[in-house]
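# Structural overview for review
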Amino acid sequence: MPVHLNTAGAGLMPAEVVDTMNAHLAQEAAEGAYETELRHADILEKGVYEELAAVLDAPVDDLALFDSATRAWTAVVSALHLTDADRVWITPYEYAGNLILWTELRRRTGLRIEVVPLLPSGDLDLDWMRRTIREDVAVVSVPHVPSGCGIVNPVEEIGRILTPWPCLYLVDACQSVGQLDVSVRQIGCDLLTGAGRKFLCGPRGTGFAAVGPRLRAAAAPVFHDLHAADMTAADHYEVHTDGARRFEYAERSGAAVRGLDAALRHHRARTARPGTGHDARAAVRDAVAALPGTRLIDPGTRHASILTFDCAHLPAARIRDELAAHGVNVWVAQGNHTPLYLPGQGVDHAVRVSPHHYTSTQDTEVFARALRHVIR
Ligand SMILES: Cc1ncc(COP(=O)(O)O)c(C=O)c1O
């Protein structure tokens, strides 16, 4: 088995997740997919939302499931009413997919996009936010942890700054849920989105959103699917829920949703026990920093379990491929996936290393040894 240091791509699914999904698929094949769905309605319609509510510390009514974090983000953000009178604050760490939507919304509505400045440390300039915030800031969008480096943005503190203001507060928690404590209540955000497959170690094809009541009241989705709306006359439909599930689509993979439920349960059981205390990120960092020509791309003062680096004399893809030949999985972070930050640091491609709870001392030693062979 390779040493898996690509959790920021997709974490390793625990056996319970795989077994649950396999059993669900087998039952669908043997008994019919709709029939299997009905049999597991307690989990698919209720239990998985309760698990997610416990993990995110969010009300059940605020939760919706999707097939990716991007789908969650676009389903909700595209339903916002924004105009040319609105200012949208983003940060240099905004994920490229989210930024594509902001760019399109600006083209359609004329809204203004402003980028929160950074301090020399790479931390967001919170004093600038405190000084500059006004009534016409309609939305503030912050990734808890970005795609291309390991900074942890202070989403709770930002929440406190924004509380007196009318703006909607959106947090992309795709890279933080599963590795950091994430509490929607404590952050005080109106939207928080994430994916099942990363640090939660759920299946691919799962994503979620916590959509607070303020945002739900302000949003006007262009479409509601049949689990949330009925045609009540030939030319009229009615939406029969104001819960966040109205942003969902009705069709979904039962196996994936049950896999997500199993991953959430596994995560809760694991985090209730004390950890091993092994600081895998620090071990990875030391191994990288010891080698000639390497540069850590590691802004900020608080860090999550993602470490990015490049090397003056070896392309990132070559480092990934050679580490794979040594039995170590890492990934290539593309600069243009964190387009307002990484290209400005001269990063086109970088190596992204993302250990998780399953990374042992031995694993980080294997990584360090392999890296010494690859980078000389
Ligand atoms: C910070 C961040 N936001 C959003 C996404 C998008 O997630 P998905 O691929 O599930 O749409 C990613 C994916 O890597 C990410 O790193």
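Residues numbered from 1 in each chain as written. Predicted model: local features only at pLDDT ≥ 70, side-chain atom pairs only at ≥ 80, totals over all residues. Heavy atoms only, no water.

Moving on to the overall build of the protein chain. Of regular secondary structure, the protein chain possesses 13 helices and 15 strands. The principal-axis extents of the C-alpha atoms in the protein chain amount to approximately 70 × 60 × 35 Å. Taking all 376 residues of the protein chain together, 55% fall into the buried category. Within the protein chain, counting contacts between residues at least 6 apart in sequence, those at least 24 apart form 70% of the total. Looking at the protein chain as shown, the accessible area adds up to about 16800 Å², and 52% of this sits on carbon and sulfur atoms. Considering the protein chain, the positive charge centre built from 36 side chains and the negative charge centre built from 46 side chains are found 6 Å apart. (Helix = DSSP H or I, 4+ residues; strand = E, 2+ residues; numbered from the N terminus. Buried < 20%, exposed > 50% of the residue type's maximum accessible area, 1.4 Å probe, protein only. Contact = heavy atoms within 4.5 Å. Areas by Shrake-Rupley, 256 points an atom, 1.4 Å probe, with all protein chains shown as cover. Lys, Arg positive; Asp, Glu negative; His and termini not counted. Charge placed at Lys NZ, Arg CZ, Asp CG, Glu CD.)

Counted under the stated rule, the structure contains four aromatic pairs. With 4.7 Å between their ring centres and 40° between their planes, Trp89 and Trp128 make a pair best called tilted. Of this pair, Trp89 sits in strand β3 (residues 87-90) while Trp128 sits in helix α6 (residues 126-132), and the two are 39 residues apart along the sequence. Trp128 shares its class with Trp89; the two are buried. Above the plane of the ring of Trp331 lies Arg320, whose end atom (NZ or CZ) is 4.8 Å from the centre. (Phe/Tyr/Trp six-rings, centres within 6.5 Å; stacked < 30°, edge-to-face > 60°. Lys NZ or Arg CZ within 6 Å of the ring centre and 35° of its normal.)

In terms of domain boundaries, the protein chain breaks down into domain 1 (3-11 + 276-374) and domain 2 (15-270). Taking only C-alpha atoms, the centre of domain 1 and the centre of domain 2 are 27 Å apart. The partner domain 2 presents 30 residues to the 30 residues of domain 1 that form the contact. Counting the surface lost from both domain 1 and domain 2, the interface buries some 2300 Å², and carbon and sulfur atoms represent 60% of this. A per-residue breakdown of the area domain 1 buries against domain 2 is headed by Arg302, Ile306 and Leu340, which together make up 23% of the total. Our enumeration of links across domain 1 and domain 2 arrives at zero salt bridges. (Domains from an automatic or database assignment. Buried area = accessible area lost by both parts, 1.4 Å probe. Salt bridge = Lys/Arg side-chain N within 4 Å of Asp/Glu carboxyl O.)

Here we take up the layout of surface pockets. Approximately 880 Å³ is the volume found for the largest pocket. Sorting the residues of the lining of the largest pocket by element identifies α3 (41-56), α10 (254-272) and α11 (280-289) as the ones contributing at least two each. For the lining of the largest pocket, the class distribution of residues is 10 nonpolar, 13 polar and six charged. Looking at which domains feed residues into the lining of the largest pocket, each of domain 1 (3-11 + 276-374) and domain 2 (15-270) gives three or more. Reported here for the second largest pocket is a volume of approximately 500 Å³. What lines the second largest pocket is a set of 29 residues, and nearest its centre among them are Tyr95, Ser147, Gln175, Arg197 and Lys198. Every element with two or more residues in the lining of the second largest pocket is listed here: α4 (69-77) and β14 (331-334). No other element matches the four residues that β14 contributes to the lining of the second largest pocket. The residue inventory of the lining of the second largest pocket, partitioned by class, reads 13 nonpolar, 11 polar and five charged. Each of domain 1 (3-11 + 276-374) and domain 2 (15-270) contributes no fewer than three residues to the lining of the second largest pocket. (1 Å grid on protein atoms, 1.4 Å probe; cavity = no way out; pocket = protein on both sides within 12 Å on 5 of 7 lines; lining within 4 Å. Points joined across faces, edges and corners; volume = space filled by probe spheres on them. Nonpolar A, V, L, I, M, F, W, Y, C, P; charged D, E, K, R; others polar.)

Further remarks concern empty space enclosed by the protein. In the structure shown here, the tally under the stated rule is one cavity of 30 Å³ or more. Of the pockets and cavities examined, the largest cavity occupies roughly 40 Å³. Looking at the largest cavity, the residues that line it are Pro14, Phe199, Leu200, Cys201, His266, His267, Arg270, His356 and His357. Residues of the lining of the largest cavity, tallied by class, amount to four nonpolar, four polar and one charged.

Bringing the pattern of salt bridges into the picture now. Following the criterion strictly, the structure yields 24 salt bridges and no others. Residue Glu31 is joined to Arg39 by a salt bridge in which the shortest nitrogen-to-oxygen separation is 2.8 Å. Arg87 is paired through a salt bridge with Glu114; the nearest N and O atoms lie 2.9 Å apart. Placement of Arg87 in strand β3 and of Glu114 in strand β4 (residues 112-115) is noted, with a sequence separation of 27 residues between them. What makes Arg87 buried here is its relative accessible area of 10%.

The next subject is the sheet that holds strand β2 (residues 63-66). Reading across from one edge, β2-β8-β7-β6-β5-β3-β4 is the order of the seven strands in this open sheet, with mixed pairing throughout. Edge positions in the sheet fall to β2 and β4, since each of these pairs with one other strand and no more. Neighbouring strand axes in the sheet, compared pairwise and without regard to direction, differ in orientation by 20° on average. Pairing analysis gives five bridges linking strand β5 (residues 137-143) to strand β6 (residues 168-172), with the strands arranged parallel. Pairing of Val139 across the sheet is with Leu168, part of β6. (Pairing = 2+ DSSP bridges. Axes fitted to C-alpha atoms, helices over the stretch in contact; angles between N-to-C directions.)

Further remarks concern helix α1 (residues 15-31). The end-to-end C-alpha distance of α1 is 24 Å, a good match for the 24 Å that 17 residues give at a rise of 1.5 Å each. Summarising the contacts, the buried residues of α1 are in contact with α2 (33-39), α3 and α10. Positive phi shows up at Gly32, right after α1, with a value of about 105°. (Expected span 1.5 Å × (residues − 1).)

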